[in-house]
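# Secondary and tertiary structure notes
These are the residues of each chain, in order.
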Amino acid sequence: MIRIDRADIAFQLFDLLDADRLSEATRFADWDRSGIDNVLDTAERIAIDHFLPHAAAVDENEPKFVDGKAIVDPRVGAALAVYREAGFFGAGFDHEWGGAQMPETLRIACAYMFSATNIGTAGYPFLTIGAANLIASFGSDEQKARYLAPMVEGRFFGTMCLSEPQAGSSLSDIATKAEPAGDGTYRISGRKMWISGGEQEMSENIVHMVLAKIPGGPAGVKGISLFIVPKYRVGEDGAVGARNGVTLAGLNHKMGYRGTTNTLLNFGEAGECIGHLVGEPHKGLAYMFQMMNEARIGVGLGATALASAGYQASLAYAKDRPQGRHPDGKDATSKQVPIVEHADIRRLLLAQKSAVEGAFALLLYCARLVDGIRIGTDEAKMRDDELLLDLLTPVAKSWPSEFCLEANKHAIQVLGGYGYTRDYPVERLYRDNRLNPIHEGTHGIQGMDILGRKVVQANGSGLELLAGRIGETVAEASSVAVLSAHASDLANHLAETVKLTRVLAGELAKDPRKALANATIYLDMFGHVVIAWMWLRQALVAAHKLEAGEGDANFLHGKLAACRYFFAYELPRTKAQKELLAKLDETTLDMQAEWF
C-alpha cells in the first residue's frame, strides 16, 4: 500500500526549485537533470526493494539486549549494505573525502524516500551523516583522515550524545567529564541517555560525538566541549583496534522507530575511555548546534515522509474500498461507491495532502538555501540565506512533526477499524511519527527558540527577509485570477504576524516569562503562515502550467485544490491564535503547581 509519489518529487524539485540548474555551479557540475533522475531512480529502487520489505518485521521484533550487545534484525544491516554500495552515505560530501558532492536539495529528496519506506533503518545513515558533517566542519585533518573517511564510505556509523538521565534537554546540567590525559587525549566518564544508534553490530565502528565538560572550565553551557569517542579505538593507520570503554547499559523500549536502537551508554565504567577534542575547548555546544540544526531539519523530513506513506496508503485504500452510497442515493440495492467518493473522506485526504506536500516544499526550500550558501559568491546574499535558514529551522522541524503526525491520524481514520490494526501499515506509521514532536528538541523548545531568539536576532532581520520573500510571491499571485484571493489572504496574515511579533519582541525585553508563556502557540501560528506561502508558491507554478497546457492536468488541479483547502480550512485557525497571543495571556503562568 505504501508508494512513493515521484510526480510530486519531480514537481517540487524541477518545476518549483529548478534543481537541474544547480549543475551550472562548479561544485554540482555532475548533477544535471539526467544525473538527478538516475539517482532518484536508484534511491526509489533501494527504498522499495530493500527498506520497505522489513519495515513491519523490525517493528514487531525490536532490537534485543543480549550479553551487553544490541542485536538488530539482520535485514537492517543487509539493506544498509546496499545503501552503502550505492554511495548514499557519502552522497553530500566533498570529492576530497570520497563523496559525490550531491546537492542538498537532491540528497533530501532521496532521504525522503528512504524514510517513507522504513524510518527505523533510515535512522542509522541519518545520524552518521550528521556526525560526519560535524567532523568535516570542525575536526582536524588527522581526525578527518581517521574518522571522516570511513564514515563517508559507510564503514563507520555515527551518533550524537547530548542528553543524560539527570539533565534531559537542560544541557547546562550535563555531568559527563573529560579529564586531560597529558598526551592530547582525554579520559571520558559519565552516562548518556536516549542515544539513537548507540550500539549495534552492523558497522565496523561507531563514532560517538559526545558533549562533556573539562574540569575547571566555565559553568553551564559555556563549559561544554565536543569529543570524538569511538566504540573501538582507531590506530594511526586507520586499523580498528580494542574496545574503548563505551558500554551499553540498556535499551529503551520505544513506541515507534523500533528499528533504530535507542540506548543508555556508560563511558569509562568498564575500562579506559579515550576521547579526542574537536576544535577548541568549551565551544562544544556551538559546534554541536550544526548537527542539531541538521538533525532538526532531518526530523521534519522524517515526519513528512511518514505522513506521505500514510497518505499514499489511505488514498489507495479509499479508492479501492466500496462502502455506502451518496447522501442522495436512496436505492439500497444500488452499487456501493468507493469511500473516496464521500466528502468527509476527501476532507481527510486533502488534509493529509496539504500537510505532506506543504511540509515537503518547506524542507526542500531549506535544502535549496543550504545549496545556495555552499555555491554562493555574493556574500550579502549568503548571509541573508543563512539568516533565513536559521529562522526557518524550528518551523521545518516542528510544523511537520506536529501536523504531519495529525495527517497520520487522518490516515487511520480513513481506514476505520482496519487502520487501528497491525494488518495495515498506518498504525505503525503513526507510532513512528509520534516521536518527532519530541525528537531533537521538543515542540515547546522549538517555540522558545523561534520566539525567544530567531525572530528577534539581528534586530529582526530574518523576519524582514522572510516577509520580503513572501511579499514577492504574493505580488506575483495577485495577478492570477484563481489565486488573487489567496494572495490577499496571505498578505493580511503576514502583516498581522509581523505586527504581533513586534509586540511580543517588546514584551520579551521587559518580561521574558510573560512573552514566552505561549511561545508554542506562536510557533504553530508562524508555521501555518509559512506553509501557506509554500502552497501559494506551488499553486502559482501549477496555474501557469495549466494555462500553458503543460504537464498532467489532474496532478496540477490537485495542487490547486490542496492550496484552496489549506487557505480555507487550515490558515484561518491562526486568527484565534493571534488573538490569544496579542492578549499576552497569563493563564499558564498563573496556574500554580499545587492546584493540579
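Residues numbered from 1 in each chain as written. Predicted model: local features only at pLDDT ≥ 70, side-chain atom pairs only at ≥ 80, totals over all residues. Heavy atoms only, no water.

## Digging into the UniProt feature "domain: Acyl-CoA dehydrogenase/oxidase N-terminal" (unreviewed entry) in the protein
UniProt marks residues 39–154 with the feature "domain: Acyl-CoA dehydrogenase/oxidase N-terminal" (unreviewed entry), using the numbering shown here. Secondary structure across residues 39–154 divides into 67% helix and 5% strand, with the first and last C-alpha atoms of the span separated by 18 Å. (UniProt positions renumbered as here; feature names shortened; annotations may be inferred. Helix = DSSP H or I, 4+ residues; strand = E, 2+ residues; numbered from the N terminus.)

## Considering the nonpolar core
Ranked by internal contacts, the top residues of the largest apolar core, which has 161 residues, are Phe-114, Met-209, Met-288 and Phe-526. If near-sequence neighbours (up to four positions away) are discounted, Phe-114 is found in contact with Ala-43, Ile-46, Ala-47, Phe-51, Tyr-83, Phe-88, Ile-119 and Ala-122. Counting residues in hydrophobic clusters, the runner-up holds 18 residues, among them Phe-227, Leu-251, Cys-273 and Leu-277. (Core = buried A, V, L, I, M, F, W, Y, C linked by side-chain atoms within 4.5 Å. Buried < 20%, exposed > 50% of the residue type's maximum accessible area, 1.4 Å probe, protein only. Contact = heavy atoms within 4.5 Å.)

## What about the pattern of salt bridges?
According to the stated counting rule, one finds 35 salt bridges in the structure shown. With a shortest N-O distance of 3.7 Å, Lys-510 and Glu-507 are connected by a salt bridge. Highlighted residues: Lys-510 and Glu-507, both in helix H14 (residues 484–510), separated by three residues, approximately one helical turn. Relative accessible area serves as the criterion here: at 65%, Lys-510 is assigned to the exposed category. A network of salt bridges, in which partner residues are shared, links Asp-8, Lys-353, Glu-357 and Lys-559. (Salt bridge = Lys/Arg side-chain N within 4 Å of Asp/Glu carboxyl O.)

## Considerations on helix H2 (residues 33–51)
Note: α-helices contain 3.6 residues per turn, so residues at a spacing of three or four share the same orientation. Compared with the 27 Å implied by 1.5 Å per residue over 19 residues, the 25 Å span of H2 between its first and last C-alpha is a close match. Among all positions in H2, only Gly-35, Ile-36, Val-39, Leu-40, Ala-43, Ile-46, Ala-47 and Phe-51 are buried. Buried residues of H2, seen end-on, are gathered within an arc of 130° and therefore sit on one face of the element. Contacts made by the buried residues of H2 are with helix H1 (6–16), helix H3 (55–60), helix H4 (74–85), helix H5 (104–117) and helix H6 (119–138). (Expected span 1.5 Å × (residues − 1). Arc of directions from axis to C-beta.)

## Some words on helix H8 (residues 284–320)
Taking 1.5 Å of rise per residue, 37 residues should cover 54 Å, and H8 covers 53 Å from first to last C-alpha, within 8% of that figure. In the structure, H8 departs most strongly from a straight axis at Gln-290, where the bend amounts to approximately 25°. Among the 37 residues of H8, 30 are classified as buried, and the element is accordingly described as predominantly covered. (Bend = angle between axes of the 7 residues up to and from the residue.)

## Notes on the state of the cysteines
In the structure shown here, the tally under the stated rule is zero disulfides. Free of any disulfide, Cys-110 has its nearest cysteine sulfur in Cys-366, 18 Å distant. When its relative accessible area of 1% is taken as the criterion, Cys-110 is described as buried. The thiol sulfur of Cys-366 is not disulfide-bonded, and the nearest other cysteine sulfur, from Cys-404, lies at 14 Å. (Disulfide = S-S within 2.5 Å.)

## Concerning a nonpolar patch on the surface
On the surface, a nonpolar cluster with roughly 420 Å² of combined accessible area is contributed by Met-591, Trp-595 and Phe-596. If you trace the backbone, Met-591 turns up in the segment after helix H19 (587–590). (Patch = residues over 30% accessible without salt bridge, like charges linked within 9 Å, V, L, I, M, F, W, Y side chains within 5 Å. Areas by Shrake-Rupley, 256 points an atom, 1.4 Å probe, with all protein chains shown as cover.)

## Focus: the UniProt feature "domain: Acyl-CoA dehydrogenase/oxidase C-terminal" (unreviewed entry) in the protein
UniProt records the feature "domain: Acyl-CoA dehydrogenase/oxidase C-terminal" (unreviewed entry) for residues 283–451 in the present numbering. Each end of residues 283–451 is marked by a C-alpha atom, and these two atoms are 24 Å apart; helix forms 73% of the span and strand 0%.

## Regarding the side chain of Glu-570
Within the element layout of this structure, Glu-570 appears in helix H17 (residues 553–570). Only 2.8 Å separates the side chain of Glu-570 from the side chain of Tyr-565, close enough to count as a polar contact. (Polar contact = N/O pair within 3.5 Å; in protein donor to acceptor, adjacent residues only side chain to side chain.)

## Brief notes about the packing of aromatic side chains
For the structure shown, the criterion picks out 20 aromatic pairs. Connected via pairs of aromatic rings, a cluster forms that spans Phe-51, Tyr-83, Phe-88, Phe-89, Phe-114, Tyr-124 and Phe-157. The ring of Tyr-232 carries Arg-243 above its face, with NZ or CZ at 5.4 Å from the centroid. Over the aromatic face of Trp-533 sits the side chain of Arg-537, whose NZ or CZ is 5.9 Å from the ring centroid. (Phe/Tyr/Trp six-rings, centres within 6.5 Å; stacked < 30°, edge-to-face > 60°. Lys NZ or Arg CZ within 6 Å of the ring centre and 35° of its normal.)

## A short note on unusual backbone geometry
A positive phi angle, near 70°, is found at His-282, a position not held by glycine. A relative accessible area of 28% means that His-282 is categorised as partly exposed. One non-glycine residue, Ala-458, adopts positive backbone phi at about 55°. By the element assignment, Ala-458 lies in the loop between helix H12 (443–454) and helix H13 (461–477). With relative accessibility at 44%, the residue Ala-458 sits in the partly exposed group.

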